[in-house]
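Listed here are the chains, written in short residue letters.
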Amino acid sequence: MSILVTGAAGFIGARVCQALLEQGECVIGIDNLNNYYNTELKKERLSILLSNKLFSFNEIDLTSVDLSSFFDKKQLNDINFVIHFAAQAGVRHSMSVPMDFVDTNIKGHIAILEFSRKLANIKHFIYASSSSVYGRNTALPFRESDRVDHPGSVYAASKRAAELISDCYQHLYGLPQTGLRFFTVYGPWGRPDMAYFKFAQAIMRGETLTLYNGKHLSRDFTYIDDVVDAVLKVVSFSPPVDCARILNVGNNSPESVLYLVNLLEKFLKKPAFISVVSRPAADVETTWASVDAIKEIVGWEPKTSFDDGIEKFSTWFIRSDYL
Ligand SMILES: NC(=O)c1ccc[n+]([C@@H]2O[C@H](COP(=O)([O-])OP(=O)(O)OC[C@H]3O[C@@H](n4cnc5c(N)ncnc54)[C@H](O)[C@@H]3O)[C@@H](O)[C@H]2O)c1
């Protein structure tokens, strides 16, 4: 048996690969190592994975190759799970280069579904969606049963499109699928384009950080180890053949962005210099996940408090090369 993970050099993908390898699974990683953020960080994550003999890696762009041509028949027959995390992320980035989001998040999603549906022994296709699909919804907490017809950004719309395409592939080809709507994932080895990482850099450098105004600007920050645990629980769960499920993976406890800054000041032991600007239209004011469904289906709940998670991130950050 082997598990194919796309976006394996990414923040969540690398940590999921590591956890699968620790369980003795054979993992095939795919990533195009694009330069959306510091590629050294992607390579560093990858070098940890490559030290394990159960891990193999292919530097491939999902949108431009026929994936099946990279594997022989036995390798293809061995793949039981596909975990698809490769994406162009970044809500605000999607305002400047919307086409990049169509390429990876829609074309790339179809490419990996086409590959996966032809695998003889696939049991489950698991893919990353996002809390951003809840867009301009105001009813809190966000539930999977809510309508999601008003995305706030092209990124959100591309993730919703991927959910719909997945639903269609389940209907057409009977490929069991679970989409995971991740809520602001943070932690060691995280993404430098995300607010908590940028704030930490600004604090350490003595630079001014930019905070968006808004009375209740808050996020349901979810710690990486909890997210990895959720993915592993979904992998170990046998889905019904007609599964086209979508599950929230969040902390069920929104925290204000100002409190995030206060915690970073505490754990980095330096003051923050703050400039307040208006919130861009692509950024929603609040996110908050209901986790009732994932709790009921796979028995997962978040365990890490926000204070503990930010302390762990800060400890890693101070010792990293990314200050
Ligand atoms: N981190 C979060 O807070 C968060 C929240 C919601 C959803 N998500 C989703 O979770 C998934 C993983 O996110 P992440 O934070 O690890 O992001 P990431 O950017 O660190 O990882 C994505 C990886 O995909 C790779 N990639 C991009 N386009 C590719 C392509 N065409 N072919 C092959 N590889 C490609 C990138 O090089 C990168 O290493 C993404 O689908 C993202 O949209 C993340």
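Refer to the structure printed above.
Remember, it's a predicted structure, so these values are computed and weren't measured experimentally.

Colleague: Any chance you could explain helix H11 (residues 306–319) here in plain terms?
Modeller: With 14 residues, H11 ought to run about 20 Å at 1.5 Å a step, and its terminal C-alpha atoms sit 20 Å apart, in line with that. Three or more residues of H11 are buried, namely Phe306, Gly309, Ile310, Phe313, Ser314, Trp316 and Phe317. The buried residues of H11 all sit within an arc of 165° when viewed along its axis, so they share a single face.

Colleague: Where do I start with the sheet that holds strand S4 (residues 79–84) in this structure?
Modeller: As a general point, the strands of a sheet are linked pairwise by backbone hydrogen bonds and lie either parallel or antiparallel. The strand order across the open sheet formed by 7 strands is S3-S2-S1-S4-S5-S6-S11, and the pairing between neighbours is parallel. Each end of this open sheet is capped by a strand with a single partner; those strands are strand S3 (55–59) and strand S11 (244–249). The average angle at which neighbouring strand axes cross in this sheet is 20°, direction not considered. Looking at chain direction, strand S6 (residues 177–182) and S11 are connected through 6 bridges and run parallel. Within S11, the position partnered with Arg181 by the bridge is Asn248.

Colleague: Please explain the state of the cysteines as it appears in this structure.
Modeller: In a disulfide, the sulfur atoms of two cysteines are covalently bonded to one another. Going through the model one piece at a time under the given rule, you end up with 0 disulfides. Cys17 takes part in no disulfide bond, and the closest cysteine sulfur to it belongs to Cys26, at a distance of 11 Å. Cys17 sits in the buried class, given a relative accessible area of 0%. Here Cys243 is not disulfide-linked; the sulfur of Cys168 is the nearest cysteine sulfur, at 16 Å.

Each value, and the rule that gives it
- Residues numbered from 1 in each chain as written.
- Predicted model: local features only at pLDDT ≥ 70, side-chain atom pairs only at ≥ 80, totals over all residues.
- Heavy atoms only, no water.
- Helix = DSSP H or I, 4+ residues; strand = E, 2+ residues; numbered from the N terminus.
- Expected span 1.5 Å × (residues − 1).
- Buried < 20%, exposed > 50% of the residue type's maximum accessible area, 1.4 Å probe, protein only.
- Arc of directions from axis to C-beta.
- Pairing = 2+ DSSP bridges.
- Axes fitted to C-alpha atoms, helices over the stretch in contact; angles between N-to-C directions.
- Disulfide = S-S within 2.5 Å.

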